[in-house]
Amino acid sequence: MKAPDLTQAPPRSPRVRLGGYTILPRILDKARAAIAGTLGEYRYGNPTDWHFYRFTGIDPDALLERVKAGGGDWAILQWVQETAPIKRSPFEIAQWAAWTETFAYHGAERRDWFTAEIRRLNPERDDIATVFDRLDLDDYVLGGEA
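Right, let's walk through the structure included here.

The rules behind these values
- Residues numbered from 1 in each chain as written.
- Predicted model: local features only at pLDDT ≥ 70, side-chain atom pairs only at ≥ 80, totals over all residues.
- Heavy atoms only, no water.
- Helix = DSSP H or I, 4+ residues; strand = E, 2+ residues; numbered from the N terminus.
- Rg over C-alpha atoms; globule rule 2.2 N^0.38 Å.
- Buried < 20%, exposed > 50% of the residue type's maximum accessible area, 1.4 Å probe, protein only.
- Contact = heavy atoms within 4.5 Å.
- 1 Å grid on protein atoms, 1.4 Å probe; cavity = no way out; pocket = protein on both sides within 12 Å on 5 of 7 lines; lining within 4 Å.
- Points joined across faces, edges and corners; volume = space filled by probe spheres on them.
- Nonpolar A, V, L, I, M, F, W, Y, C, P; charged D, E, K, R; others polar.
- Salt bridge = Lys/Arg side-chain N within 4 Å of Asp/Glu carboxyl O.

1. Notes on the overall build of the protein
Link 1 in the chain: Each helix and strand in the protein was counted, giving seven helices and zero strands.
Link 2 in the chain: Ordered by position from N to C terminus, the α and β elements of the protein give α-α-α-α-α-α-α.
Link 3 in the chain: The C-alpha radius of gyration computed for the protein amounts to 16 Å, which stays within 12% of the reference 15 Å derived for 146 residues, consistent with globular compactness.
Link 4 in the chain: Along the longest, intermediate and shortest principal axes, the C-alpha atoms of the protein span 45 × 35 × 20 Å.
Link 5 in the chain: Evaluated residue by residue, the protein yields a buried proportion of 44% over its 146 residues.
Link 6 in the chain: Residue pairs in contact within the protein that sit at least 24 positions apart in sequence constitute 59% of those at least 6 positions apart.

2. Structural notes on the layout of surface pockets
Link 1 in the chain: The calculated volume of the largest pocket comes to roughly 680 Å³.
Link 2 in the chain: As for the largest pocket, its lining consists of 27 residues, of which E41, Y42, R134, L135 and D138 are closest to the centre.
Link 3 in the chain: Broken down by secondary-structure element, the contributors of at least two residues to the lining of the largest pocket are α2 (49-56), α6 (108-121) and α7 (131-141).
Link 4 in the chain: Per-class residue counts for the lining of the largest pocket are eleven nonpolar, seven polar and nine charged.

3. Regarding the pattern of salt bridges
Link 1 in the chain: Counted according to the given criterion, the structure contains 15 salt bridges.
Link 2 in the chain: Of the charged contacts, one joins D73 and R32 as a salt bridge, the two residues approaching to 2.8 Å between their closest N and O atoms. Here R32 lies in helix α1 (residues 24-36) and D73 lies in helix α4 (residues 73-83), a separation of 41 residues in the sequence. For the pair D73 and R32, one class covers both residues: buried.

4. Description of unusual backbone geometry
Link 1 in the chain: One non-glycine residue with positive phi stands out, namely I23, at about 70 degrees.
Link 2 in the chain: Turning to its location among the elements, I23 is positioned in the segment before α1.
Link 3 in the chain: When its relative accessible area of 0% is taken as the criterion, I23 is described as buried.

5. Overview of the environment of P10
Link 1 in the chain: Its place among the elements puts P10 in the segment before α1.
Link 2 in the chain: Between the alpha carbons of P10 and D136 there is a distance of 9.2 Å; along the sequence they are 126 residues apart.
Link 3 in the chain: Setting aside chain neighbours within four positions, we find P10 in contact with Y42, D139 and Y140.

Remember, this is a structural readout, not a statement about activity or role.
In structure tokens, the structure reads:
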């Protein structure tokens, strides 16, 4: 699979699902870009990615090595399902994915940072409430689509 150039376009939204998992397609885009040297300002293994790693028990370095071996999203998903130390049912995956889509920052310091980020990205937007909302806004403000 061709590596995306994240200096030119953002990775897939964290809302995009693969095998029911949110975040995973975005992680794969960043992994492929990291391998190709086209990661830009994005980070493989950032705090949002860790929600997926903790939920599945997958080691980020092991996933990166698997991506280096090649194959498309489907092959990587099969690897995740076979090697994840924490086996999850489709129901658990659906519940976790729904939670990730609604996760918001807690605590005054993180909420203050979040509010400042929204002001920086687009002070006119009053509909940004979740982590995924902010990531989508950040990704597409740079492309002029937000």
